[in-house]
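Summary of structural features
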Amino acid sequence: MATGRGRQLSLGRIAGIPVYISPTWFLVAALITAWGHDTVLRQLPELSDVEAYGLAFLFAVLLYASVFVHELGHALTALRLGLPVRGVTLHFLGGHTEIERDAPTPGRDLVVSAAGPALSLALGGLGLLAYQVVDDGVPGFLVWMLTVANLLVGVFNVLPGLPLDGGHMLRAAVWRITGDEHRGTVVAARSGQVLAGLVLLMPFALDGARPDLLTIVWAGLVAALLWSGASQALAVGRMRARLPRLDTRTLARRAAPVAADLPVSEALRQAREANVTSLVIVDSAGRPTGLVKEAAVAAIPEQRRPWVAIGQSARSLQQGMVLALDVTGEALLKAMRDTPASEYLVVDAQGRVYGVLVSSDVDHALAAR
Ligand SMILES: [Zn+2]
């Protein structure tokens, strides 16, 4: 459940890890405060209204502190296992730890995913013990709130469906058993979608025919977030499964070298003759300097083509627009993300022009079933 970094407030760094909070938290805190007021007064009838609101708000803060400790469990475990952590974000419903790359083995994935809920449940367990010894009244109520907060965070996250930790654990387990990472993702993402449906029905299962509106809205929000997280995981998983198809050597179109001052009509004739669909601009020494943009050529009317130099329809080569022949899969996508372009020059190991990789060809290879 990652969100963009755009509308997040920075809370500083802990153990070198940047911590962010989403402004939606204030909305959730307000809801919990409004909602919790009555519960507080039921437990502690001697409190004033203001004190009850104060304690309810404190619960919202403690809940997020518990989420934060939970996320730290993931982050520190990941660091321990040598996986770089980009940051921890606290948002609307919980938290998210951004780890630089996926754990490369199901075992590591399982440990990193389990570390958060394990910490939450352990703190919840400690809280239960502490609750036996502290006094009733406000101290007891505070311990009780912390206990409930940690148990809520622990139990919710261990539910076995993506995007929750339990989903990551399920994915790792299926991956370990079948040896198929993709199957693990599909099983855990589908399970996440089922969970979303169950959460939606939950208020009706708990309260019979007449659950209150706030509970329904809340369950709806949680279900929507679960559903979108699970569906996104499914889409990413499917895309990953297609990555082996991304092979620069097979996707590249063969290209003909042309001089920049050649008329468009003549350049196209040479391309037809060489039986290629792409053109690379070369200087007098034969070094590639630019790529002819197919769309720009197509936009030149037929009768103008003998009078326009092909160089005018080219984009000059920039760093990052030259790809080696052996770049494949994830590395190819990353190179394209780093330097977005409609065409890339592909060169062989000796630096000679091999061909042109057209971005839309890569998109088609990814989209094909
Ligand atoms: Zn977690």
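Residues numbered from 1 in each chain as written. Predicted model: local features only at pLDDT ≥ 70, side-chain atom pairs only at ≥ 80, totals over all residues. Heavy atoms only, no water.

Observations regarding helix α2 (residues 49–80)
- End to end, α2 covers 46 Å across 32 residues, agreeing with the expected 46 Å (1.5 Å per residue, within 8%).
- Following α2 by one or two positions, G82 has its phi on the positive side, about 85°. (Helix = DSSP H or I, 4+ residues; strand = E, 2+ residues; numbered from the N terminus. Expected span 1.5 Å × (residues − 1).)

Description of the pairing of strand β5 (residues 253–259)
- Sheet analysis places β5 next to strand β11 (residues 353–358), joined by 2 bridges and oriented antiparallel. Pairing of R253 across the sheet is with V356, part of β11.
- Looking at chain direction, β5 and strand β6 (residues 278–282) are connected through 5 bridges and run parallel. Considered in β6, the bridge of A255 is made with S278.
- In this fold, the crossover linking β5 to β6 by way of helix α9 (residues 264–273) has right-handed handedness. (Pairing = 2+ DSSP bridges. Right-handed = clockwise from strand over helix to strand, strands pointing away.)

Thoughts on the domain arrangement of the chain
- In terms of domains, the chain is made up of domain 1 (9–243) and domain 2 (248–367).
- For domain 1 and domain 2, the distance between their C-alpha centroids amounts to 48 Å.
- On the side of domain 2, 6 residues touch domain 1, which itself brings 4 residues to the contact.
- Between domain 1 and domain 2, a total of about 450 Å² is buried, with carbon and sulfur atoms accounting for 59% of that surface.
- For the pair domain 1 and domain 2, the interface holds 0 salt bridges.
- Here domain 1 and domain 2 share 0 residue pairs in polar contact (both at pLDDT 80 or more) between them.
- Of the residues that constitute the side of domain 1 that touches domain 2, the class distribution is 2 nonpolar, no polar and 2 charged. (Domains from an automatic or database assignment. Contact = heavy atoms within 4.5 Å. Buried area = accessible area lost by both parts, 1.4 Å probe. Salt bridge = Lys/Arg side-chain N within 4 Å of Asp/Glu carboxyl O. Polar contact = N/O pair within 3.5 Å; in protein donor to acceptor, adjacent residues only side chain to side chain. Nonpolar A, V, L, I, M, F, W, Y, C, P; charged D, E, K, R; others polar.)

As for the coordination of the zinc ion
- Note on the zinc ion: its protein donors are H70 (NE2), H74 (NE2), D165 (OD) and D165 (OD). The metal-donor distances range over 1.9 to 2.7 Å.
- Seen from the zinc ion, its 4 donor atoms lie at angles of 54 to 147°, and the figure they make is irregular. (Donors = N, O, S within 2.8 Å, 3.2 Å for Na, K, Ca; no water. Tetrahedral: all angles 85-135°; square planar, octahedral: opposite > 155°, others 65-115°.)

Description of the nonpolar core
- Core analysis: the largest hydrophobic core is formed by 33 residues, its most contacted members being I32, V40, L55, F68, L90, F141 and M145.
- Listing elements by their share of this core, those giving two or more residues are β2 (17–21), α1 (24–43), α2, β3 (85–91) and α4 (138–157).
- Among the elements that take part in this core, α2 stands out by supplying 13 residues, more than any other.
- Formed by 27 residues, the second largest nonpolar core is a distinct cluster that contains L243, L246, A255 and M321. (Core = buried A, V, L, I, M, F, W, Y, C linked by side-chain atoms within 4.5 Å. Buried < 20%, exposed > 50% of the residue type's maximum accessible area, 1.4 Å probe, protein only.)

Description of the side chain of T97
- Its place among the elements puts T97 in strand β4 (residues 94–99).
- Separated by 2.5 Å, the side chains of T97 and E71 make a polar contact.

Re the packing of aromatic side chains
- All told, the structure shown has 5 aromatic pairs when counted by the stated rule.
- Ring geometry for W35 versus W218: centroids 5.8 Å apart, planes at 65°, classification edge-to-face. Residue W35 is located in helix α1, and its partner W218 is located in helix α7 (residues 213–242); the two are separated by 183 residues in the primary sequence.
- Of the residues examined, W35 reaches a relative accessible area of 36% and is grouped as partly exposed.
- On the accessibility criterion, W218 (21% relative accessible area) is partly exposed.
- Positioned above the aromatic ring of Y354 is the side chain of R254, whose terminal nitrogen or guanidinium carbon lies 4.3 Å from the ring centre. (Phe/Tyr/Trp six-rings, centres within 6.5 Å; stacked < 30°, edge-to-face > 60°. Lys NZ or Arg CZ within 6 Å of the ring centre and 35° of its normal.)

Side note on the UniProt feature "domain: CBS" (unreviewed entry) in the chain
- As recorded in UniProt, the feature "domain: CBS" (unreviewed entry) lies at residues 257–294.
- Spanning residues 257–294, this segment combines 29% helix with 34% strand, and its end C-alpha atoms are found 15 Å apart. (UniProt positions renumbered as here; feature names shortened; annotations may be inferred.)

Details of the environment of Q8
- Looking at the secondary structure, you find Q8 in the segment before β1 (9–14).
- Relative accessible area serves as the criterion here: at 12%, Q8 is assigned to the buried category.
- Considered as a pair, Q8 and H91 are 83 residues apart in the sequence and their alpha carbons are 8.8 Å apart.

Remarks on the sheet that holds β5
- Taken in spatial order, the 7 strands line up as β8-β7-β6-β5-β11-β10-β9 in an open sheet, and their pairing is mixed. Pairing within the sheet leaves two strands with one partner each, and these edge strands are β8 (314–316) and β9 (322–324). Sheet twist, expressed as the mean angle between neighbouring strand axes with direction ignored, is 40°.
- Where helix α12 (residues 359–367) meets the sheet, it contacts β5, β10 (343–347) and β11, and its direction lies at approximately 65° from that of β11. (Axes fitted to C-alpha atoms, helices over the stretch in contact; angles between N-to-C directions.)

What to know about the pattern of salt bridges
- Within the structure shown, the criterion is met by 11 salt bridges.
- In this structure, the salt-bridge partner of E294 is R253, at a minimum N-O distance of 2.8 Å. Of this pair, E294 sits in helix α10 (residues 294–298) while R253 sits in strand β5; the two residues are 41 residues apart in sequence, bridging distant segments of the chain.
- Here E294 falls in the partly exposed class, since its relative accessible area comes to 40%.
- Close ionic contact of D361 with R253 constitutes a salt bridge, the shortest N to O distance being 2.8 Å. On the criterion of sequence distance, the pair formed by D361 in helix α12 and R253 in strand β5 is long-range, its members being 108 residues apart.

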